[in-house]
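Chains, contacts and geometry: an overview
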Amino acid sequence: MDDTSEKEKKSAEQNEKDQDTTGKKTPKSGKPGSGKRVSSGQKSPKGGKTEKGRATPSKGNVKPKQAEEKKTEEATEEEGEEGLPEGVVALFLSSKTQEIFHCRADQDVTEENPIKIITKQEILDDMRNRAAVCDFHPIKQEIIDYPTDEILVVYDFDFKFGQNFYCAITEEAKEKILNPQGPDGGEGGAQEEEVIYTYIPPEPKDWVSLGSEKEIKEESVIENRRRIKVSVKRVRKEFGAPYKFKDRNVADAKDGCIDCASFDDRTFDLKKMELEKSIQSIPECVDQGTQTDWKYPRNNCTQYQPREFSQKEKEQLENSKNLQTSVESVTQRFKLALQQNEIMDVFYIDWLHLGDAEGNFGNKSDNHLKEYQSFTDLQFSKEKSITCIQWHPTIKGVVAVSVAEKMTFDERIDSAAKVIMTPSLILIWSFTDPIHPQLLLEAPDDIYSFQFSPSDPNIICGGCYNGQVVLWDISAHADRLKQPRGGNRNKKSNVLPGFEDPNALKTPIVRYCAVSSIENSHRAAITDIQWVPDHMEVNRMGVPQENKSMQSCQIMTCAADYSILFWDTRPPKGPGQLNIATKSDKTDKSQMGVPTTFKHLDLSWKPMLKVHLHKSEPGGDHAPMKFSIQEKQGDRKALSKATDATDMSRENAMGGGYYTKPGSGKDKRTLQSVKTHFYVGTEDGEVVYVDWMPVKDQDTGKIVTPKPDFYHAIHDGPVNTVQRSPFFSDIILCVGGWTFTIWKEGVTTGPILQSNANPVKMMAGHWSPSRPSVFYIAKHDGSVDVWDLLDKTHEPTLTQSVSPTLITQLFPFQISQKQHLLAVGDNAGTLHILEIPWSLRQPTPNEMTGISNYFEREVKRRAFVVMRWDFRENEKRELEQEQKRKAGIAPNVVLTDEEVEYRLKQEYQSYLDEEAAFLRELGLLKEEDEPLPET
């Protein structure tokens, strides 16, 4: 026995040495390379049991996988039988969490190797990133309180504890899972404890309703209508009478059996070859006459008096039981009808809105801008910048763009000869011909802004780079724009073959018919131009008056020369104006084919009113870029209800507002409700609120423009958009630099909404024509942002790339109820037409009310912020005074006006003395010799 035990000890020591040198397990069997498993009760010497059941210490860094797996299986079997062990929490780890911690089920952890060690810092970082979404969030406090850095997670393959993983939240539980035999390695840990189960009878509990009885009640069949009653009556004398049956022949009775025998119809397949009929198509004519008295025809009507119940009959009806019973029976139905009337609009016409939801140009699933059409001209617009876009107000599918050279002022001076020889044009495109423009409007210089006349779309005004204002009349080419197809627009049926005009398909060039005098025009490029609405006009003193002709005849322009000018297209008053064009002369043309509509203005046109934007403090004036007035075209609220019919008819008889002299100011009514204040966006990123009506200066006595009511330097770049909302006349969108702001007229402390600085510069903006809460922003990187204030106010709802170059202008337009298009112009001279999806053109229910409430809340928030600013300023001033009082400093003495003036004069005199001394030191000021005293 002793020799055998000594041999076994030596063999075990030799195996340990071999394992240390080779790093591999040596099987207990005599064959070193065999793949047989160790028999029960015998494990490899590396941390396993020996034949006597003792655990030998392992010299390797990691325990063998087989030993750990078997120990874990034994521990989990014991815990599964006894329930969830102490210090262990069952967790469900989602597939995303398993990927984060590299513990994917059946891949990273399996049934044979279920243990995974996760560091505490990894779990805390995941909780910080995903917050409550993290699967370890239910044991967040236990993870934070865990003493060590490594946390044990075990894969529960059989879901013994109800989840796919369980985690040890204490060191004791962790040690017990890793070493299920106990810390001393003895056999005591492997002994199973005897568990005694005791039966505990269930205790009754109160019923807790979870809503199931409501579902059962809804599923049950309930009689909701009255049953149908059938009454069968019989004669009284027949009750109890005996029945007598007898035989009857079928042929003897009329209601007996009828035999319908089949037969062969010979005319079934007979074809009619000819049919003769006698028809008298002319009735007999009878001539008769009679004598009657002719009376003047007039509409007849019948008057009647309603028959009413007497007071006594009314009281009887009110007290009758039939009336009360009838009212009680219909009360519930009447209440239900009232509720339905409140819930839905009973006057809503479903047929008119049947195709709104799913149209031919997109459906609800579309949420991006679709490319619809693009226009570019290789000769006139390529490699040029689009400066302005305008849709034709009456002809659908016609859009006009102005192009300009991409040059700075210095580059224009250096290449003046090239610029002069290059034509400056406005291109009018039509969807019928995407290759060739329909018209080309020639200008003396590059056009930076233009607009169609709201009362006559054939009249176009534009602002040039050199500051001049230009007018075009395209009445002679109006039919060309209305032709359905571009290829057949000039073909006529009365033209013989071979005699067609070879120039018929060429694009006509329309020359301007009037241009302002350059000495009286702007001193900089005209960046914005607008027509004054046709229901008003402004006199030379800036007073808004009624325009009886209802024709737009005045234009407002602005440029960076610190001024906004008003222009009148009518002939000036006075005896010197002899050649006055009439409406009949509108179609007459001069020798160069130019209409003489505005011949009286050519090269002699002067502005009638100038608004100079002074600053409240020294340091220069405001350089306007864009402006917006409150009055809009088509709004007749400013006009009074009573109209002078005679004056209106007289003005209409004389002609339109373009071609007649302005009437006398005495005959025109002043529009008191028109606001003369308007918003201006400047080149320095300021938003100015100023009045165009001039006032008399107190010091000089001259008539000058008043100083602005307020201005705020909000934007970090030139303001390129100042536009009022088409749904709210007091809401203004301003875009400039890298931010945009929304202003409300009447709030002078600042904007009610200001965006964060965008990483990309914003180039233009425009409100949606159909949704009050949506507007579009064009950016420098060629993309377009769509903002929906009811959806998000911190970021755009949609961002879509449109052009590879920067976008200069954009203009959304409503073609029809089912099609809205967005015109986008870039810096390469290409006009992109995008189709707006259904979600951006169809307003949501109660969107008008929602956005109105949002603006009201923002105004209240702005007032609260200003109130808190004032409160903090007063509090700061009181603290400073308190500190001075504690320090023994006397409070500031309030000086009178005379003392303030005397102190200012002293400071100014000291400044003059210091200046004279400085000039004397430089030798620039010579001291004058004092005169000799007189004798």
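The structure this text deals with has already been given above.
In this report, we go over the structure that sits alongside the text. (Residues numbered from 1 in each chain as written. Predicted model: local features only at pLDDT ≥ 70, side-chain atom pairs only at ≥ 80, totals over all residues. Heavy atoms only, no water.)

Description of the overall build of the chain
What counts here: To qualify as a helix, a DSSP run of H or I must reach at least 4 residues; to qualify as a strand, a run of E must reach at least 2; elements of each kind are numbered from the N terminus. Think of it in three bands: with a 1.4 Å probe and only protein chains considered, a residue is buried below 20% of the maximum accessible area for its type, exposed above 50%, and partly exposed in between. In this analysis, two residues are considered to be in contact whenever any of their non-hydrogen atoms come within 4.5 Å of each other. Here, Shrake-Rupley sampling with a 1.4 Å probe gives the accessible areas, and only protein chains in the shown set may cover a residue.
Summing up its helical and strand segments, the chain has 16 helices and 37 strands in all. In the chain, which comprises 935 residues, the share counted as buried stands at 36%. Intrachain contacts of the chain at a sequence separation of at least 6 include 63% that bridge at least 24 residues. Surface exposure of the chain reaches about 62,900 Å², of which carbon and sulfur atoms provide 52%.

Observations regarding the layout of surface pockets
Inclusion rule: The distinction between a cavity and a pocket rests on a 1 Å grid over the protein atoms alone: a 1.4 Å probe fits inside a cavity but cannot get out, while a pocket stays open yet meets protein on both sides within 12 Å along at least five of seven lines, and a residue with an atom within 4 Å of a point counts as lining. Grid points are joined across faces, edges and corners, and a volume is the space filled by probe spheres set on the points. Residues are sorted three ways: Asp, Glu, Lys and Arg are charged, Ala, Val, Leu, Ile, Met, Phe, Trp, Tyr, Cys and Pro are nonpolar, and all the rest, Gly among them, are polar.
Of the volumes computed, that of the largest pocket is approximately 1,500 Å³. In terms of lining, the largest pocket is formed by 47 residues, of which the most central are Gln 390, Gln 451, Gln 723, His 766 and Phe 811. Of all the secondary-structure elements, those providing two or more residues to the lining of the largest pocket are strand S6 (385-391), strand S10 (447-452), strand S15 (526-531), strand S21 (624-628), strand S27 (719-724), strand S31 (762-767) and strand S35 (807-816). When residues in the lining of the largest pocket are grouped by element, the largest group, six residues, is from S35. Of the residues belonging to the lining of the largest pocket, the class tally is 22 nonpolar, 20 polar and five charged. Its boundaries defined by the atoms lining it, the second largest pocket holds a volume of some 880 Å³. What lines the second largest pocket is a set of 27 residues, among which Thr 387, Tyr 448, Thr 527, Met 625 and Met 763 lie closest to the centre.

Remarks on the pairing of strand S18 (residues 554-559)
Quick reminder of the rule: Here a strand pair is declared whenever DSSP counts at least two bridges between the two strands.
The buried fraction of S18 amounts to six of the six residues, a majority that puts the element mostly inside the structure. Pairing geometry for S18 and strand S19 (residues 563-568), over six bridges, is antiparallel. Each residue of the ladder has a partner; that of Thr 557, found in S19, is Leu 565. Linking S18 to S19, which pair antiparallel, is a turn of three residues; within it Tyr 562 sits at a positive phi near 70 degrees.

A look at the sheet that holds strand S29 (residues 739-744)
Read from one edge to the other, the open sheet built from four strands follows the order S27-S28-S29-S30, with strand pairing classed as antiparallel. Where the open sheet ends on each side, the last strands, each with one partner, are S27 and strand S30 (753-754). As paired elements, S29 and S30 share two bridges and run antiparallel to each other. Note that in S30 the partner of Thr 741 across the bridge is Gln 754.

Description of the nonpolar core
Our working rule: Note on terminology: a nonpolar core comprises buried Ala, Val, Leu, Ile, Met, Phe, Trp, Tyr and Cys residues joined through side-chain atoms within 4.5 Å.
Grouped together as the largest cluster of nonpolar side chains are 22 residues, with contacts concentrated most on Met 556, Ile 564, Phe 566, Phe 627, Phe 678, Val 680 and Trp 692. Sorting the residues of this core by element identifies strand S16 (536-538), S18, S19, strand S20 (609-612), strand S22 (677-682) and strand S23 (686-691) as the ones contributing at least two each. Among all residues touching Phe 566, those that are not within four sequence positions of it are Val 538, Ile 555, Met 556, Pro 607, Met 608, Leu 609, Val 611 and Trp 692. With 21 residues, the next largest nonpolar core counts Ile 447, Ile 460, Val 470 and Leu 481 among its residues.

Details of the environment of Pro 772
Here Pro 772 is to be found in the loop between S31 and strand S32 (774-779). Taking the C-alpha atoms as reference points, Pro 772 and Met 848, separated by 76 residues in sequence, lie 6.3 Å from one another. What Pro 772 contacts, discounting residues up to four positions off in sequence, is Phe 727, Phe 728, Trp 767, Glu 847, Met 848 and Ile 851.

Some details on the pairing of strand S37 (residues 831-835)
Judged by how many residues are buried, S37 sits mostly within the fold: five of five residues are covered. Side chains Leu 831, Ile 833 and Glu 835 project from S37 onto one buried face, and the interleaved His 832 and Leu 834 project onto a second face that is buried too. Here strand S5 (residues 370-375) runs beside S37; their pairing, made up of five bridges, is antiparallel. What sits directly across from Ser 374, in S37, is His 832. Summarising the sheet, strand S36 (residues 819-826) and S37 pair through five bridges and their orientation is antiparallel. Looking at S37, one finds that Leu 822 is bridged to Leu 834.

Concerning a negative patch on the surface
What counts, and what does not: Every patch collects residues that have over 30% relative accessible area and no salt bridge, joining them within 9 Å if they carry like charges and within 5 Å if they are nonpolar side chains (Val, Leu, Ile, Met, Phe, Trp, Tyr). Put simply, a salt bridge is a Lys or Arg side-chain nitrogen that is within 4 Å of an Asp or Glu carboxyl oxygen. By the counting rule applied here, Lys and Arg register as positive and Asp and Glu as negative, while His and the ends of each chain are not counted. Lys charges are placed at NZ, Arg charges at CZ, Asp charges at CG and Glu charges at CD.
Together, Asp 106, Glu 111, Glu 112 and Asp 158 make up a region of like negative charge exposed at the surface. Relative to the assigned elements, Glu 111 resides in the loop between helix H3 (95-100) and strand S2 (115-119). Overall, Glu 111 belongs to the partly exposed group, its relative accessible area being 37%.

Some words on the packing of helix H8 (residues 311-319) against helix H9 (residues 321-343)
Applied cut-off: Angles here are taken between N-to-C directions and fall from 0 to 180 degrees, while the axes themselves are lines fitted to C-alpha atoms, restricted in helices to the stretch in contact. An angle counts as roughly parallel when it lies under 35 degrees, as roughly antiparallel when it exceeds 145, as roughly perpendicular when it falls between 65 and 115, and as oblique in every other case.
Between H8 and H9, the least distance of the axes is 5 Å, while the angle of their chain directions is 55 degrees. Judged on the interaxial angle alone, H9 and H8 are oblique. In this structure, H8 uses Leu 317, Glu 318 and Asn 319 to contact H9, whose residues at the interface are Lys 321, Leu 323 and Gln 324.

With respect to unusual backbone geometry
Unusually for a residue other than glycine, His 102 sits at a positive phi of about 55 degrees. Overall, His 102 belongs to the exposed group, its relative accessible area being 53%. Residue Phe 159 is not a glycine yet carries a positive backbone phi of 55 degrees. Along the chain, Phe 159 falls in the loop between strand S3 (150-155) and strand S4 (165-168).

Some words on the packing of aromatic side chains
Here is the rule we go by: The rule is short: rings of Phe, Tyr and Trp, with Trp giving its six-membered ring, pair when the centres are within 6.5 Å, and they are stacked under 30 degrees, edge-to-face over 60, tilted in between. For a ring to carry a charge above it, either NZ of a lysine or CZ of an arginine must fall within 6 Å of the ring centroid while also lying within 35 degrees of the normal to the ring plane.
For the structure on display, the rule yields 25 aromatic pairs. Centre to centre, the rings of Phe 375 and Phe 431 are 5.7 Å apart; their planes meet at 5 degrees, and the pair counts as stacked. Highlighted residues: Phe 375 in strand S5 and Phe 431 in the loop between strand S8 (424-430) and strand S9 (439-443), separated in sequence by 56 residues. Through a chain of ring-to-ring contacts, three or more aromatic side chains come together here, namely Tyr 372, Phe 375, Trp 391, Trp 429, Phe 431 and Phe 813. The ring of Tyr 512 carries the charged tip of Arg 511 above its face, separated from the ring centre by 4.7 Å. Note that Lys 761 overlies the ring of Trp 738, its terminal NZ or CZ placed 5.7 Å from the centroid.

Topic: the sheet that holds S6
Within the open sheet, the five strands sit side by side as S6-S7-S8-S9-S13. Their pairing is mixed. Either end of the sheet is taken by a strand with one partner, and the two such strands are S6 and strand S13 (509-510).

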